[in-house]
Amino acid sequence: MANSPSFESARVRAVLGPTNTGKTHFAIERMLGHGTGMIGFPLRLLARENYDRVVALKGPAAVALVTGEEKILPPRPRYWVCTVESMPLDQRVDCLAVDEIQLAGDTERGHIFTDRLLHARGMSETLFLGSDTARTLIQRLVPGVELIQRDRLSTLTYAGAKKLTRLPPRSAIVAFSAAEVYETAELIRRQKGGAAVVMGALSPRTRNAQVAMYQAGEVDYLVATDAIGMGLNMDIDHVAFARLSKFDGVRPRRLTAQEIGQIAGRAGRHMTNGTFGTTGNMGELDLDLVEAVENHRFDPLTLLMWRNRDLDLHSAAGLLRSLDMPPPYNCLRRTREADDHQALATLAREPDIVARARGLNAVRLLWDVCQVPDFRKVMSDQHTRLLSQIFLHLAKDGRVPDDWVDGQVKRLESTEGDIDTLVTRIAHVRTWTYIANRPNWIAKPLEWQERTRAIEDRLSDALHEKLTQRFVDRRAAGLVRSLGMGGELLAGVQAGGAVVVEGHPVGQLDGFRFVADPTALAGDAKPVLTAARRALRPEIARRVMLLEQAPDTDLALTDLDQIAWEGAPVARLATGGTLLKPRIVPLESDLLNAGEGDRVRDRVAHWLDAEVQRCFPVLRAIAEAKLEGPARGLAFQLAETLAPIERSRLESLIAGLERADERILARLGVVIGGSFVFLKGLTKPASLSLLRALWRAGHETWGPLPIPPAGRVSVPADGGIDRGYYVAIGFPVTGPRAIRVDMLDRLIGRLRRATAQGTMAPDPTIAPVLGCGKDEADAVLLALGWGRHEADGAVTYRRQRPPAPPVAAQRRRRAPPLGDGDRSPFAILKQLNAAK
C-alpha cells in the first residue's frame, strides 16, 4: 500500500513474538550479514547498548550512532544504530530494521513507528520486530510482507499475590508513579537491604548504573515503572505488579493485557523460566488475564496512530492544516496533538513568530525548533518560551548566541539537591544536548555537545549516588545475600568493639552488652544475631578476665552513676545492703553467664570499697580513732548518713563532750557548727559524685541529678528533685538556693549576731557570697526566718519567726548483719580497711 517505489522488490519481513524470543539478536545478525544496514530502537539507551555491541563486532570506524542527543559519525559508516525518531532515512542501506513496531499503536509516539512501517525500507531487506498484536495491521498495510514467528525461549508462569516482604530475590516490583516507586524502594531497603530504581525520568546513564548495580548482585530487588518493559534485558526471575493502572498523559487508565504481558515478560531470560504476580494491596489477577499473559495471547491492534508526513511548509497556518489532515485508511487514526504539534500551535499565535516564519525555509526552521523535546514530558510554558527564544535567535542571527546558551547551561551545572531536583536538571540539560546536536544552530557545536554531555554525566552520577544512598543499605543487602546462600555466617569482633558478620558491621559490643544496629539488620535478622552472639562468647570471657585484672583507675562513675570500665558501663548500684556497701548489679546482658556475672560483681565491689576510702578519708580516720561515749555516738550518726545534721538534734550528745573529745573530733574532720554538725571535705567533686551515686542507689532514682560545680557556694535548687538529695551531698535547700552546709552555717551565725539587738541593716555582701542576685538572697534570708521590712524609707531585716529546718530529718537505714552482729558504720569501715 505504501512501499517506496525504489524498493518495491525488497524483501519485507515481520519478526513477531513475545518477549525473550531473540528478535533483536536475529535482526542484528541479519543486518551485519549485509554490506550496509540501519536499525532503529525505541529508546536511546537501547540504541547505545546495541551500538556498543555492533562496534565490538565491526569496529568503531564502521558504525554510526544517531540519537536526538548523541551522534557518533565516522567518515564512512556502514551500519547505523539509531533511535526510531532519529533514523536518517535519506541514507540508503541494504538492510533496515525497526524494533518494537507494535508501538505504532502508542498514542504519544505511535505515528513515528507507523511512518517507518509505511515508508522506511532497506534496498535488499526490511525487518519489523515486535509483538504478535501488530500482525493483522502489518499484513494489511504492507502487502506481501513475510511473517516470521518467534517463540519464547522460556516459560512465564503466574505465581499469585505475595506480600512485599515475601517476594523472592531477583524480583522487579512495578509501580506507575515516582512517589509509589520511592515508597516501595524505602520499604524494601528496610526489609531486604535495598533496591535499584528504574524510571523513565532517569537519564540513560543513571538508569544503566542502577541496572548494573542490580545485575552485579549488589541488591536483589528492582523497583521500576513500566520503563523496564521496553527492551531492558536483566536477570529478573519474578515481576510483581504493585499497581495495574497508569496515567497515560491524558487520564488514568488500567493497563491492557498486552502491556501487562510486555512488562511481565521481563521475568525469565534466555532459557531461564520466569514468574509474575502482584504485591501490596492488588489481590489476585483475573484468571482470563493470567491465561492471556502465560500464553502470550492478546487482542490484536485495531488502530495505528498516524500523522501526515507531506507537510505544507509555506506558512505556519498551512503547516498546522497539513498536520490536521485525516489518515488515508480506516485502520489509522490521526494522532492527538503531539508535543511538537502543541508547541507549533502555541508559537503560531505569537506575533513575533508569525512575522519571522514566512517562506519555506523559515517555516521549516520553526517546525524543526518545535521538535526540540521537553524531556520532563510536561510541555510547560517555560519550554514553549525557550522554543520561542531559540527560533527568534535563529531567524534573526542564524545562530543561537554562545553567551545566551552559556547562561542557560551554567544554571544546570550544580550537582546539589534532592532526587527530584537532579531529575529536573538532567531533563533540562538533555534538551540542550539535543539543541547542540542540531546542525548549524550553534557556532561551536562539538564544544557544546561535549560540555552538555559532561554536565549530564555528572548530574547522572550524582543522581545514581542519591538513589543508592536513599534506597540501598549495602551492609544489610550484603547480609541478605549471604543468608540466601545458606551455610554458617562468619562473624567476629573488631578491636574497637564493632561486631561484624560476613564483613558487615551489625552492632557494637558495649562493655558486656551487644547493641545491635537496627539499620544493618534487614528481613529475618535471627541468623545474623545468632552468628554475632556465637562470636561474642569467647570475647565476653576474655573481657571478664581483663576486668578482673584491670587497675582501679580503669573504672569510673558515669553521669548516671553506672560503673564504667574503660568508658563502657558494666554495672550499677542498687537498693540493698548499706550506704557504703549497696547492692551491685551487673548491667543486663544475655551474654554473661551466672559465674561471669558474679565475677563482674566482685570486681566492682572491690573497686567501690577502694573508692569509698579514697573519697571519704574522714571515715577511715573515724574508724581508727578510739572514741567513747557521746563522741562515739555523734561520730556514729554522721558516719551513718554522711549528710549534715542539724545541731539541735545532737545537743544532748554535744553537751556531754569533753574538751578533749571536741579536739579529737575536730582533728578527725567533724565540724560542730552553730546550726549544723557535718563532716569536712565531702564537697569535693569526686566525693560529690560518689555521694550522688550512693544516694541514687538507695532511692532507685535514675534521672539526671546535678552536682554543684567546683568552688560554687550555692546553686539554684531544682524543684523537681527530692530535697533529701541536696542534703545528702551537703547542699541543703534554703529558699530558692541549695547552699553548701559550711557557708549556710556561717550565714545563720552571722544573721544571729547581726540581729541580736532586734534588726540589722541590709548587708550588700550576702548576695555576692552566695553567688546570686539580691532578690534571691532576700528569699534565702526569709526562708531562714529573717524578713525584710521598710519603714520611713529605711530597710531593715529582723528575725520574725523561728527558722524552718533546712535539713529534713534523715531516716536511719537498717543495715543487715555483717557477720559479727555489729551493724555500725565503724564495723563497716573496719571491714573496708581490712579489705584494703
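We now turn to the structure provided with this report.

The rules behind each value
Residues numbered from 1 in each chain as written. Predicted model: local features only at pLDDT ≥ 70, side-chain atom pairs only at ≥ 80, totals over all residues. Heavy atoms only, no water. Phe/Tyr/Trp six-rings, centres within 6.5 Å; stacked < 30°, edge-to-face > 60°. Helix = DSSP H or I, 4+ residues; strand = E, 2+ residues; numbered from the N terminus. Buried < 20%, exposed > 50% of the residue type's maximum accessible area, 1.4 Å probe, protein only. Pairing = 2+ DSSP bridges. Axes fitted to C-alpha atoms, helices over the stretch in contact; angles between N-to-C directions. Contact = heavy atoms within 4.5 Å. Left-handed = near helix turned anticlockwise from the far one by under 90°. Nonpolar A, V, L, I, M, F, W, Y, C, P; charged D, E, K, R; others polar. Right-handed = clockwise from strand over helix to strand, strands pointing away.

## So, the packing of aromatic side chains
- On inspection of all chains with the given rule, the structure shows six aromatic pairs.
- With 5.7 Å between their ring centres and 25° between their planes, Y182 and F471 make a pair best called stacked. Taken together, the positions of Y182 in helix 5 (residues 178–192) and F471 in helix 16 (residues 445–471) put the pair 289 residues apart, joining distant regions of the chain. Per residue, the accessibility class of Y182 equals that of F471, and both read buried.

## Brief notes about the sheet that holds strand 23 (residues 555–557)
- The sheet built from four strands is open, its strands ordered 23-24-25-26 with antiparallel pairing. Edge positions in the open sheet fall to strand 23 and strand 26 (582–586), since each of these has one partner strand only. The mean inter-strand angle of the sheet, taken between neighbouring strand axes irrespective of direction, is 35°.
- Two elements, strand 25 (residues 568–577) and strand 26, share five bridges in a ladder whose sense is antiparallel. For A574, the partnering residue across the bridge sits in strand 26 and is R583.
- Those strands touched by helix 19 (residues 594–615) are strand 23, strand 24 (562–565), strand 25 and strand 26, and its axis lies near 135° from that of strand 26.
- Relative to the sheet, helix 24 (residues 685–699) contacts strand 23, strand 25 and strand 26, its axis offset from that of strand 25 by approximately 60°.

## Description of the sheet that holds strand 4 (residues 71–72)
- The mixed open sheet is built from eight strands, whose spatial order is 4-3-5-2-6-7-1-8. Sheet topology places strand 4 and strand 8 (146–149) at the edges, where each strand pairs with a single neighbour.
- Across five bridges, strand 2 (residues 37–41) lies against strand 5 (residues 79–83) in parallel orientation. Along strand 5, the bridge assignment pairs I39 with V81.
- Its contacts with the sheet place helix 1 (residues 23–32) against strand 1 (11–16), strand 2, strand 5, strand 6 (95–98), strand 7 (125–130) and strand 8, and it is angled at close to 170° to strand 7.

## A look at the environment of P586
- By secondary structure assignment, the location of P586 is in strand 26.
- Since its relative accessible area comes to 13%, P586 is described here as buried.
- It is 6.2 Å that separates the C-alpha atoms of P586 and R601, two residues lying 15 residues apart in sequence.
- Once residues within four sequence positions are removed from consideration, P586 is found in contact with V570, A571, L592, G597, V600 and R601.

## Focus on the environment of Y182
- Given a relative accessible area of 9%, Y182 falls into the buried group.
- In this structure, the C-alpha to C-alpha distance between Y182 and R150, residues 32 residues apart in sequence, is 37 Å.

## Here we look at the pairing of strand 3 (residues 63–66)
- Residues V63 and L65 line one face of strand 3 and the alternating positions A64 and V66 line the opposite face, and both faces are buried.
- Here four bridges tie strand 3 to strand 5, and the two strands are oriented parallel to one another. When the sheet's bridge partners are listed, A64 is paired in strand 5 with W80.
- Pairing of strand 3 with strand 4 involves two bridges; the strand directions are antiparallel. Following the sheet pairing, L65 is matched in strand 4 by I72.
- A loop of four residues connects strand 3 with strand 4, the two strands running antiparallel in sequence.

## Quick notes on unusual backbone geometry
- Here N20, not a glycine, exhibits a phi torsion of approximately 60°, which is positive.
- Relative to the helices and strands, N20 resides in the loop between strand 1 and helix 1.
- At H296, a position not held by glycine, the phi torsion is positive, near 55°.
- When you line up the elements, H296 lands in the loop between helix 8 (287–295) and strand 17 (304–306).

## Digging into helix 10 (residues 339–347)
- For helix 10, the set of buried residues is D340, H341, A343, L344, A345 and L347.
- Those residues of helix 10 hidden inside the fold are in contact with helix 9 (316–323), helix 11 (351–356), helix 12 (360–370) and helix 13 (381–397).

## Comments concerning the packing of helix 9 against helix 10
- Running from N to C, helix 9 and helix 10 point in directions that differ by 145°, and their axes come no closer than 10 Å. Where helix 9 crosses over helix 10, the handedness of that crossing is left-handed. Across from L319, L320 and L323 in helix 9, the residues of helix 10 making contact are H341, L344 and A345.
- For the contact of helix 9 with helix 10, the residue count by class is five nonpolar, one polar and no charged.

## Some thoughts on the side chain of T206
- Topologically, T206 is positioned in helix 6 (residues 204–215).
- Excluding anything up to four places from it in sequence, T206 contacts I426, S460, L463, H464 and L467.

## So, the pairing of strand 6
- Because side chains alternate across strand 6, one face comprises the buried residues C95 and A97, and the other comprises L96 and V98, equally buried.
- Where strand 2 and strand 6 come together, four bridges link them in parallel fashion. Directly across from G37, in strand 6, lies its bridge partner C95.
- Viewed along the sheet, the connection from strand 6 through helix 3 (residues 110–119) into strand 7 turns out right-handed.

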